[in-house]
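Residues per chain, in single letters:
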Amino acid sequence: IGQGSIIVLGTLLEGSELVRLVKSLGEKPVAEASENLLVAPRSGPGGKGVVIVEHSNIPASIKLTGNAVDLVSGKRVHGSVDIPPYGVMVLKYES
């Protein structure tokens, strides 16, 4: 977390097709989350975390694996977290 960048590739895959694609690449889910969430893991010298984007204008939720701070709001979060429609969170996991 720091001065990095994120590249997002857009596509029109259905949720089940996207899951199949990710599994075919040998990747494991970053977290248990609603299908309408983009969850991108981030790590670097500043720590580890995830960027979360709700992209379907539907309330969503994610189950975090540890305690984190949302760098957008400053709020500490843990466990199951609700994400509002079009919500964005940049979470940094606490050590």
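Data block above holds the structure.
Procedures and definitions
- Residues numbered from 1 in each chain as written.
- Predicted model: local features only at pLDDT ≥ 70, side-chain atom pairs only at ≥ 80, totals over all residues.
- Heavy atoms only, no water.
- Helix = DSSP H or I, 4+ residues; strand = E, 2+ residues; numbered from the N terminus.
- Rg over C-alpha atoms; globule rule 2.2 N^0.38 Å.
- Contact = heavy atoms within 4.5 Å.
- Pairing = 2+ DSSP bridges.

### What to know about the overall build of the protein
Link 1 in the chain: A tally of regular secondary structure across the protein gives one helix and eight strands.
Link 2 in the chain: Along the chain direction, N to C, the helices and strands of the protein fall in the order α-β-β-β-β-β-β-β-β.
Link 3 in the chain: What you see for the protein is a C-alpha radius of gyration of 13 Å, in line with the 12 Å of a compact globule of 95 residues.
Link 4 in the chain: In terms of overall dimensions, the protein has C-alpha extents of about 35 × 30 × 20 Å along its principal axes.
Link 5 in the chain: Once local pairs closer than 6 in sequence are excluded, the contacts in the protein between residues at least 24 apart make up 48%.

### A few points about the sheet that holds strand β2 (residues 37-44)
Whether parallel or antiparallel, the strands of a sheet pair through hydrogen bonds between backbone atoms.
Link 1 in the chain: With antiparallel pairing, five strands are arranged side by side in an open sheet as β2-β3-β8-β5-β6. Whereas interior strands pair on both sides, the edge strands pair on one side only; in this sheet they are β2 and β6 (76-77).
Link 2 in the chain: Pairing analysis gives five bridges linking strand β3 (residues 47-54) to strand β8 (residues 88-93), with the strands arranged antiparallel. Residue pairing in the sheet places Gly 49 in a bridge with Lys 92 of β8.

### A closer look at the sheet that holds strand β7 (residues 80-83)
Link 1 in the chain: A sheet is described by the order of its strands in space; here three strands give the open sequence β1-β4-β7, paired in antiparallel fashion. Two strands close off the open sheet at either side, each with one partner strand: β1 (32-33) and β7.
Link 2 in the chain: Alignment of β1 against strand β4 (residues 60-63), held across two bridges, turns out to be antiparallel. Within β4, the position partnered with Glu 32 by the bridge is Lys 63.

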